[in-house]
Amino acid sequence: MTVTIVGAQLGDEGKGGMVDRWSETADVVCRYQGGDNAGHTVVYDDRATDGGATTADATDAGDENTEYKLSLVPSGAIRGKTGVLGNGCVINPATLFDEIEGLRERGLDPDVRVAERAHVIFPYHRALDGIEEDSKDDHIGTTGNGIGPTYEDKAARRGVRIGDLLDADVLRDRLEGLVPQKRAICESVYGVDPDAFDGAFDVDELFAEYRSYGERLATNDMPVNCGAFLDAHRERGDRLLFEGAQGTAIDLDHGNYPYVTSSNPTAGGAATGTGLGPTVVGSGEIVGIVKAYLSRVGAGPLPTEMGFVEGQTPAGGGNRDMTDLAAHIREAGGEYGTVTGRPRRIAWLDMPMLRHAARASGFTGLAINHVDTLAGIEEIRVGHAYDLAGETVTTMPATTERWSECEPQYRTFDGWSDADWDAVAREGYDALPANARTYVEYVGDELDVPIFAIGVGPDREQTIVLDDPF
Ligand code: GDP
Ligand code: IMO
Ligand code: MG
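These numbers come from a predicted model, not from an experiment.

1. Things to note about the site of ligand 1
Around ligand 1, 19 residues are found, and the nearest of them are Lys 15, Gly 16, Thr 41, His 370 and Asp 372. Contact distances for ligand 1 include 2.8 Å between an oxygen atom and a backbone N or O atom of Gly 16. In this structure, Asp 372 approaches ligand 1 through a side-chain N or O atom, which is 2.7 Å from a nitrogen atom. For ligand 1, whose unbound accessible area comes to 590 Å², protein coverage reaches 93%. Mapped by element, the contributors of at least two residues to the shell around ligand 1 are α1 (15-22) and β3 (40-45). Grouping the constituent residues of the shell around ligand 1 by class yields three nonpolar, 11 polar and five charged.

This is the structure we're talking about:
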């Protein structure tokens, strides 16, 4: 049995929290794409749970809450489940080992495996990510972590894979071919001195550092043939949870190109990114994670945007009349980038985006988060459809230019008051304010997908569970 978790919007929908929730019943949790551009948050109240492996060194999210922010280690590792970084991921070993070390310092002992077929992010990828962004008038607003340049090398068949770090001769050979090319691009295309990047373009330094990662991976028995490893677990009846990063509207194929990431967060990515077939993924549940409004980090259009964020909202975009409301939601929902700390842009829920997401991934269930964050707002809007050149359209146009011309056709919903969300989560769906029920039911009905869970707070327990996808 498999469950695939997919971001239905623009990332940061609360995937980490839901993965944590459902990894209670999973045996293995596998990330299938992306890298350390992701930031997945897991929060739990130490009084309410034993916190999985241990509750040692509980800190930083309030008096009783423990909070973990994970970029690479699959969120299920917090519960002591085996975590796998699939072949569809791009891996910065420095981040990976730092993160594992950080978890160890907090008393956890994460079991993390890494696909030999996954591609490796090198310092020159990170440098080039920044150089390429700086050279553009129209920034994407990437995380700067080298994600695009690494997937670029993968597609160009010149990348270095985790398996290559395990063999000194192969690694040296690859670097000796690659690094001079990267230096030439730096110098000749961008007019930038590669030696200004602290060894990022130096074969010997890179070889020494990355060979030592290879040895560390091997010593800790971390490299796996991902598809075969997962299949062996499946054969013995284990439950597999596939953790997507990012979201549908920033998917390389299905997002609003070019303001996208360079991988496939949609459910098809779970097949190519794990080495198990589409029939395996498709015979399980595919859960779309939805935020009750929208947030976006980085550039690109956002038709239902409230307010604006300097440096991210495109010229002419946003709605300056709603700046205060956007700021309120940003504060109430903690909408600052987990990786970059950037303030996130805030927008009303966009149904054409969700219809597109439900189709692209074939959602069989939904989790709707942040219903608590909207509490206290008198009138809540939803972009039900778009007006595009005088016509009503109900799904996202395929080009970014057309999408940016879309004027939302809003529906309004009566808001709901703040509540004791712990009690609501405990008591279940009927305890949810009636207007909030109307709102989430509208979303489920429009997409014709059942709702499995409703998030009413960041904590593991602040979830109304209607159905367990396992
Ligand atoms: P991810 O990238 O999809 O895993 O999401 P992030 O962790 O980047 O961002 C989601 C943020 O919202 C985190 O701070 C979560 O703790 C928080 N969060 C998740 N679900 C809820 C919810 O239902 N209500 C509130 N208030 N916060 C939530
Ligand atoms: P999680 O998994 C939100 C955005 C970046 C930028 C674009 C491309 O936490 O939901 P990249 O560094 O990937 O080349 O940047 O994609 N982006 C995300 N936005 N959540 C994420 O991950 C994101 N990962 C990348 O801000 O606009
Ligand atoms: Mg995130």
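2. Focus: helix α3 (residues 123-135)
Owing to its 3.6 residues per turn, the α-helix brings residues three or four apart onto one side. Between the first and last C-alpha of α3 there are 18 Å, a value that for 13 residues agrees with the 18 Å anticipated at 1.5 Å per step. Against β8 (119-120), α4 (147-155), α6 (168-189) and α7 (203-219) lie the buried residues of α3.

3. Details of the coordination of the magnesium ion (ligand 3)
Tetrahedral metal sites with four donors have an ideal angle of 109.5 degrees; octahedral sites with six donors have ideal angles of 90 or 180 degrees. Looking at the metal site, the magnesium ion (ligand 3) is ligated by Asp 12 (OD) and Gly 39 (O), spaced 2.0 to 2.2 Å from it. Taken together, the residues Asp 12 in the loop between β1 (2-7) and α1 and Gly 39 in the loop between β2 (28-31) and β3 connect sequence positions 27 residues apart. Residue Gly 39 is classed as buried on the basis of its relative accessible area of 12%.

4. Comments concerning the site of ligand 2
The immediate surroundings of ligand 2 are formed by 21 residues, with Asp 12, Lys 15, His 40, Thr 143 and Thr 261 found nearest. Note that an oxygen atom of ligand 2 is positioned 2.8 Å from one of the backbone N or O atoms of Gln 246. Note that an oxygen atom of ligand 2 is positioned 2.6 Å from one of the side-chain N or O atoms of Thr 261. Coverage of ligand 2 by the protein chains reaches 98% of its 550 Å² of free accessible surface. For the shell around ligand 2, the class distribution of residues is eight nonpolar, 10 polar and three charged.

Analysis parameters
Residues numbered from 1 in each chain as written. Chains lettered and ligands numbered in written order. Predicted model: local features only at pLDDT ≥ 70, side-chain atom pairs only at ≥ 80, totals over all residues. Heavy atoms only, no water. Near = heavy atom within 4 Å. Polar contact = N/O pair within 3.5 Å; in protein donor to acceptor, adjacent residues only side chain to side chain. Areas by Shrake-Rupley, 256 points an atom, 1.4 Å probe, with all protein chains shown as cover. Helix = DSSP H or I, 4+ residues; strand = E, 2+ residues; numbered from the N terminus. Nonpolar A, V, L, I, M, F, W, Y, C, P; charged D, E, K, R; others polar. Expected span 1.5 Å × (residues − 1). Contact = heavy atoms within 4.5 Å. Donors = N, O, S within 2.8 Å, 3.2 Å for Na, K, Ca; no water. Buried < 20%, exposed > 50% of the residue type's maximum accessible area, 1.4 Å probe, protein only.

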